[in-house]
Amino acid sequence: MKKIFLLTSAIFCCSLSTVAYADQKTPCFQKEVNLAVDGQSYFLNAYTINDYTYFKLRDISYVMKASSAPFSVNWNEQIRSIQIFSNVKDTAISAPTKGSFSDERVDALPNAYDVYIDQKKVSFETYNLYGNTYFKLRDLGNALQFDVDWNSMSQQISISTKKENAPISPLAYQKMLGKGMDVDWSKTKGGQQYYNTKAVEDFAAAGISHVRIRISEDISDALLQGLDRQISDCLSNGIIPIIAYQADSFKNNPNNKNMKKVVEWWDTVAQRYQNYPFTLSFDLLIEATDALNQKPEKLNELYEQVTTKIRESNPERIIIISPRLRSDPAYLSELKIPTDHNGYLMAEWHFYAAGPSKTNEKKLWTTGSPAEKKLIQDKIDTALAWQRKTGIPTWVGAWMAGDYNDGNHYTVAEQVTFATFVCNALDNAGIPYAVNSDTKFYNRETNEWYEEMLPLRNTIYRK
């Protein structure tokens, strides 16, 4: 067997295909595709053939070589066939090259050669273009044990090779998050005092799929021991735990001294949970507020330093960053992507985190007029546009159906109307969310749901 690049036999392939299939030419069009492999993004040249996207086989082999499902490509001259070997890293393969794009139609020819995977012949519909063989990803995925998915919002194809307790791609994580809730189990004295496992069990039974565990305190043994229990309870009950740090000192005074404290806080937490399942993620900052709002460069510097430190112990755990002005999606464009994000990065944004208002024009909601609905949809569209541009999935870390902290001017029925529109809009956008917060729905002292809030809870969590 002689291993060579398929391009080496370009002239031979083209001549044979032309002779054998001259009357079977299929029109195709070139395009650039955003492809993520276990969270790592690539932009590859591909072709649309018969309404399917086809990729050059060797390009896919290259982007898969660092995954859990690598494969090598060989040309067997003796039997004149393409041979694919699973779980073999092709370290000599060259990186994909980018050619000039054209809107003109070109013709693809059915591949004239047999294809074998691990010595077994397969029947794939493949095509030859310019001496290279093009495959559909789903055919390769089914045969080589990797998952292929398409996100219409981000316009990204994703490949996942995850195995048990393997890293989770941000796109896959976005879909896993579903509908969650912000919790104060580690944030307040009351939350720490009354926390118990039954709360997690009740949350899981209610359809809550993740919790954003907010923390405002410095590191202590008591804090970490409580957090250990909360995370363990979540994982045991199928709830995704997200650790979120408030970092008030840095937000009030974003100097280097306070930044160092935040970096050290996350270093301690990251080392403690480095061997936990990858469903646990790190939300680096709870809403940029106060003095930090006026210094976006300090916010980006914080994310850069914290990400670098976390990656020393957690190279593949998902981290989450958010923009300033209380995580307003309008400021997502100001975020600088941390150098060491390593492909495992999401962005968080908030709207109506303290609920809608009957007087504030910026978050107005009365009867749900077209203008009021547009305020909501515009925020979502802004986040989606940034998500498509960067390829980084987003998540709403907090929204509230009533103005509970400002006089509670909405009846439960009015909250249901508001929540119905918000939930449907976010669901249609494919964006998961956490509702603010547990104390508005659940009596932590008695481990009982508030009956008067049941219609709203059922609306949000679709029970």
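Conventions and cut-offs
Residues numbered from 1 in each chain as written. Predicted model: local features only at pLDDT ≥ 70, side-chain atom pairs only at ≥ 80, totals over all residues. Heavy atoms only, no water. Pairing = 2+ DSSP bridges. Helix = DSSP H or I, 4+ residues; strand = E, 2+ residues; numbered from the N terminus. Axes fitted to C-alpha atoms, helices over the stretch in contact; angles between N-to-C directions. Contact = heavy atoms within 4.5 Å. Parallel < 35°, antiparallel > 145°, perpendicular 65-115°, else oblique. Nonpolar A, V, L, I, M, F, W, Y, C, P; charged D, E, K, R; others polar. Buried < 20%, exposed > 50% of the residue type's maximum accessible area, 1.4 Å probe, protein only.

Chemist: Help me understand the sheet that holds strand β5 (residues 81-86) in this model?
Modeler: Consider a sheet: its strands pair through backbone hydrogen bonds, and that pairing is either parallel or antiparallel. Pairing is mixed across the open sheet formed by four strands, whose spatial order is β4-β5-β7-β8. Each edge of the open sheet is held by one strand with a lone partner, namely β4 (71-76) and β8 (120-122). Ignoring strand direction, the axes of neighbouring strands in this sheet form an average angle of 30°. Where β5 lies against strand β7 (residues 114-117), four bridges are found, and the strand directions are parallel. In the strand pairing of β7, Ser81 is matched with Asp114. Along the sheet, helix α2 (residues 57-64) makes contact with β4 and β5, crossing β4 at roughly 145°. Helix α3 (residues 137-144) contacts β4, β5 and β7 of the sheet and is inclined by roughly 50° relative to β5.

Chemist: What am I meant to see in the sheet that holds strand β13 (residues 179-186) here?
Modeler: On the basis of which strands lie adjacent, the closed barrel formed by eight strands has the order β13-β14-β15-β16-β17-β18-β19-β20 and parallel pairing. Shown here is a sheet whose adjacent strand axes are inclined to one another by a mean of 30°, direction ignored. The pairing of strand β17 (residues 319-321) with strand β18 (residues 345-350) spans three bridges and is classified as parallel. Within β18, the residue paired with Ile319 across the bridge is Leu345. Packed on one face of the sheet, helix α4 (residues 170-177) meets β13, β14 (210-215), β15 (240-245), β16 (281-283), β18 and β19 (394-399) and runs near 105° to β15.

Chemist: Could you clarify how one ought to interpret the packing of helix α13 (residues 412-429) against helix α14 (residues 454-461) in this entry?
Modeler: Helices that pack against each other are described as a pair by the angle of their axes relative to one another and the distance between those axes. Axis separation between α13 and α14 bottoms out at 9 Å; the angle between their running directions is 5°. As summarised for this structure, α13 and α14 are arranged roughly parallel, according to the angle between their axes. Packed against α13, whose contacting residues are Val412, Gln415, Val416, Ala419, Thr420 and Cys423, the element α14 presents Pro455, Leu456, Thr459 and Ile460 at the interface. Of the residues assigned to the contact of α13 with α14, the class counts are seven nonpolar, three polar and no charged.

Chemist: Can you walk me through the pairing of β14 in this structure?
Modeler: Each regular strand displays side chains that alternate between the two surfaces of the sheet. Of all six residues making up β14, six are buried, and the element is well covered by its neighbours. Covered by surrounding structure in β14 are His210, Arg212 and Arg214 together with Val211, Ile213 and Ile215, the residues of both alternating faces. Taken together, the five bridges between β13 and β14 define a ladder with parallel strand orientation. What sits directly across from Met181, in β14, is Val211.

Nothing here speaks to function; it is geometry throughout.
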